[in-house]
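Single-letter residue listing:
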Amino acid sequence: VFTHSMGYFPLATSPDNTFATLASGAANVPPILSNGPTVENITNNSATVTWLTDRPSNGVALFKPGNVGLLAAIIPFQEVGNFSESETGHRVSLINLIPDTRYDYKVRSVDEQGNAVESDLKNFRTAAQASIKNIAITDINFDSAVVSWETVDPSSTILEFGKTEAYGDIVT
């Protein structure tokens, strides 16, 4: 009851109501790219894009071959990554890339409120296809031989051999 010098006024009470506060980060303010994006572990057919955001958000890398002249405007970006889970550390693997090719890329992160940040366009080049040189067959015996070779870049190897051109045996 509220008391006033002119008399008593009845107290009005509303029903209970609930509300939720916004998640960390202001509404309508996109996440901040606090580190990156950078490309690491570049091989002749894959690479990994990493970046950090200041608050949880999804993480998608967009990429396409670069230096394609007039086709650049019509070749769409491929999008790979985490489209749903929110995190601050983002790591996206790009696979099935073409050897010795420049790729343009950018990243996009969207927070739980739908606010998006997109990086500037950057580029990287995949490594050249491994090449083999200086092949030598030495120490030939009745049941063995030593086969040696060099590669331009570190690489894993599969050696196929046999009594005919169909080979038949494999050593890794």
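Every value quoted in this text rests on a predicted model; they were computed, and no experiment measured them.

Visitor: Account for the overall build of the protein chain, naming residues and giving values.
Guide: Secondary structure summary: the protein chain contains zero helices and 12 strands in total. Going from N to C terminus, the protein chain has its helices and strands arranged as β-β-β-β-β-β-β-β-β-β-β-β. Per-residue burial for the protein chain yields a buried fraction of 22% across its 172 residues. Nonlocal contacts in the protein chain, meaning residues at least 24 apart in sequence, comprise 55% of its contacts between residues at least 6 apart. As displayed, the protein chain has an accessible area near 12,300 Å², and 55% of this comes from carbon and sulfur atoms.

Visitor: Can you lay out a nonpolar patch on the surface for me, pointing to particular residues and giving the numbers?
Guide: A surface patch of nonpolar side chains, amounting to about 510 Å² of accessible area, comprises I132, I135, I137, I140 and V147. For I135, the position within the fold is in strand 9 (residues 132–138). I135 sits in the exposed class, given a relative accessible area of 60%.

Visitor: Break down the nonpolar core for me, citing the residues and quoting the values.
Guide: Nonpolar side chains in soluble globular proteins generally cluster together in the buried interior. One finds A47, V49, W51, A61, F63, V92, L94, L97, Y103, Y105, V107 and F124 forming the largest nonpolar core, which totals 12 residues. At the level of secondary structure, the elements contributing two or more residues to this core comprise strand 4 (47–65), strand 5 (78–94) and strand 6 (102–110). Sorting elements by how many residues they give to this core places strand 4 first, with five residues. Apart from residues no more than four positions distant in its own chain, A61 is found in contact with W51, Q78, E79, V80, V92, L94, K106 and V107.

Visitor: If you had to explain the layout of surface pockets to someone new, which residues and values would you point to?
Guide: Looking at the largest pocket, its volume works out to about 300 Å³. No other element matches strand 11 (residues 159–162), which puts four residues into the lining of the largest pocket. Broken down by class, the residue content of the lining of the largest pocket amounts to five nonpolar, three polar and four charged. In this structure, the second largest pocket encloses a volume near 170 Å³.

What counts, and at which threshold
- Residues numbered from 1 in each chain as written.
- Predicted model: local features only at pLDDT ≥ 70, side-chain atom pairs only at ≥ 80, totals over all residues.
- Heavy atoms only, no water.
- Helix = DSSP H or I, 4+ residues; strand = E, 2+ residues; numbered from the N terminus.
- Buried < 20%, exposed > 50% of the residue type's maximum accessible area, 1.4 Å probe, protein only.
- Contact = heavy atoms within 4.5 Å.
- Areas by Shrake-Rupley, 256 points an atom, 1.4 Å probe, with all protein chains shown as cover.
- Patch = residues over 30% accessible without salt bridge, like charges linked within 9 Å, V, L, I, M, F, W, Y side chains within 5 Å.
- Salt bridge = Lys/Arg side-chain N within 4 Å of Asp/Glu carboxyl O.
- Core = buried A, V, L, I, M, F, W, Y, C linked by side-chain atoms within 4.5 Å.
- 1 Å grid on protein atoms, 1.4 Å probe; cavity = no way out; pocket = protein on both sides within 12 Å on 5 of 7 lines; lining within 4 Å.
- Points joined across faces, edges and corners; volume = space filled by probe spheres on them.
- Nonpolar A, V, L, I, M, F, W, Y, C, P; charged D, E, K, R; others polar.

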